[in-house]
Amino acid sequence: MISALFVRSDSFYKTMPGVDCWDAERDARLATGADPVIAHPPCRAWGQLRHMAKPRPDEKELALFAVDQVRSRGGVLEHPAKSTLWPAANLPKPGHRDEFGGWSIMVSQFWWGHKAEKKTLLYIVGIEQNQLPEIPFVMGEAPSVVASSGRRRNGTRYKRRPEISKREREATPPEFAKWLFLIATMCEKKNA
């Protein structure tokens, strides 16, 4: 069993066998087992536009909890490419490793079918880089943009490509969820 922490209430993970989903209603802070995790902690308090965000008072700490869970149980944490969680939690930059055996990689969720590029950092503990499942690198331009990446420096918006909705920004593409699940199951085998 893999624990998927901080998933949306309508998450694709809830359709996957072998995944124990923890959404806001279930409170992922109660998921303190030994199984590997896939962690999708809220990012608005850590993201590029955090100065405009209105997170709950306890929301920022959820990401730190998720880091601790990945470090102690193995698995993978995903967050936006420009997340300030990496320096705050002393997570390794891509190409480096930390004292927990963890390492990071940058991917684009577009490669797994997201409508926007959505660059994402992954922090992985429990497998080596050469054990990663195949990454489906896709060239070309995504058909849509995340709202913040569709703006010019002066704040006006590009109209070249449509913006994705809030739900699309938060949702994990099914193929990406399956890939992250595969990583977590490999961590489980290593920890067994």
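Details of the structure are given in the entry above.
On a predicted model such as this, the values are computed, not experimentally measured, just so you know.

A.B. asks: What is the right way to read the environment of methionine 16 from this model?
C.D. replies: Turning to its location among the elements, methionine 16 is positioned in the loop between β1 (2-5) and β2 (19-22). Contacts of methionine 16, omitting those with residues within four sequence positions, involve Ala177, Lys178 and Phe181.

A.B. asks: Can you help me understand the nonpolar core in this one?
C.D. replies: Note that soluble globular proteins tend to have their nonpolar side chains buried in a common cluster. Grouped together as the largest cluster of nonpolar side chains are 28 residues, with contacts concentrated most on Tyr13, Leu122, Ile124, Leu180 and Ile183. Contributing elements (two or more residues each) for this core: β1, β2, β5 (103-108), β6 (119-125) and α4 (174-191). Residues contacting leucine 122, with those up to four places away along its chain left out, are Val76, Leu77, Glu78, Trp86, Trp103, Ser104, Ile105, Val107, Phe176, Trp179 and Leu180. If you look at the next biggest cluster of nonpolar residues, it comprises 21 residues, including Leu5, Leu85, Leu91 and Leu121.

A.B. asks: Would you mind going over unusual backbone geometry with me for this structure?
C.D. replies: Excluding glycine, most residues fall at negative phi; most peptide bonds, likewise, are trans. Its identity is not glycine, yet aspartate 27 carries a phi of approximately 65°, on the positive side. Mapped onto the fold, aspartate 27 is located in the loop between β2 and β3 (37-39). At asparagine 90, a position not held by glycine, the phi torsion is positive, near 55°. One can find asparagine 90 in the loop between α2 (85-88) and β5.

A.B. asks: Is there a simple way to explain the sheet that holds β5 in this structure?
C.D. replies: Hydrogen bonds along the backbone pair up the strands of a sheet, which may run parallel or antiparallel. Reading across from one edge, β2-β1-β3-β4-β6-β5 is the order of the 6 strands in this open sheet, with mixed pairing throughout. Of all strands in the sheet, those bounded by a partner on one side alone are β2 and β5. On average, each strand axis in the sheet is tilted by 20° relative to the strand beside it, whichever way the strands run. Across 6 bridges, β5 lies against β6 in antiparallel orientation. The residue bridging methionine 106 from the neighbouring strand is leucine 121, located in β6. Along the sheet, helix α1 (residues 59-73) contacts β1, β3, β4 (75-80) and β6; its crossing angle with β4, the most-contacted strand, is approximately 150°.

A.B. asks: Is there a simple way to think about the environment of lysine 93 in this case?
C.D. replies: Take lysine 93: it is sitting in the loop between α2 and β5. Along the backbone, lysine 93 and tyrosine 123 are 30 residues apart, and their C-alpha atoms lie at a distance of 9.1 Å.

A.B. asks: Where do I start with the pairing of β1 in this structure?
C.D. replies: Remark: a regular strand shows side chains that alternate across the two faces of the sheet. Residues Ile2 and Ala4 line one face of β1 and the alternating positions Ser3 and Leu5 line the opposite face, and both faces are buried. Sheet analysis places β1 next to β2, joined by 4 bridges and oriented parallel. When the bridges of β2 are listed, leucine 5 appears paired with tryptophan 22. The pairing of β1 with β3 spans 3 bridges and is parallel. Bridging from a neighbouring strand, serine 3 pairs with valine 37 of β3.

A.B. asks: Quick question: what am I supposed to make of the packing of aromatic side chains here?
C.D. replies: Where two aromatic rings form a pair, the distance of their centres and the angle of their planes describe that pair. Applying the stated criterion across every chain, the model contains 6 aromatic pairs. Ring plane angle 45° and centroid distance 4.8 Å describe the contact between tryptophan 112 and phenylalanine 176, whose orientation is recorded as tilted. You can see tryptophan 112 sitting in the loop between β5 and β6 and its partner phenylalanine 176 sitting in helix α4, a full 64 residues away along the chain. Between tryptophan 112 and tryptophan 179, the ring centres sit 4.7 Å apart and the planes meet at 45°, which makes this aromatic pair tilted. Placement of tryptophan 112 in the loop between β5 and β6 and of tryptophan 179 in helix α4 is noted, with a sequence separation of 67 residues between them. A connected cluster of aromatic rings, assembled from ring pairs, spans Trp111, Trp112, Phe137, Phe176 and Trp179. Looking at arginine 26, its charged tip hangs above the ring of tryptophan 22, at a distance of 3.6 Å from the centre.

What counts and what doesn't
Residues numbered from 1 in each chain as written. Predicted model: local features only at pLDDT ≥ 70, side-chain atom pairs only at ≥ 80, totals over all residues. Heavy atoms only, no water. Helix = DSSP H or I, 4+ residues; strand = E, 2+ residues; numbered from the N terminus. Contact = heavy atoms within 4.5 Å. Core = buried A, V, L, I, M, F, W, Y, C linked by side-chain atoms within 4.5 Å. Buried < 20%, exposed > 50% of the residue type's maximum accessible area, 1.4 Å probe, protein only. Pairing = 2+ DSSP bridges. Axes fitted to C-alpha atoms, helices over the stretch in contact; angles between N-to-C directions. Phe/Tyr/Trp six-rings, centres within 6.5 Å; stacked < 30°, edge-to-face > 60°. Lys NZ or Arg CZ within 6 Å of the ring centre and 35° of its normal.

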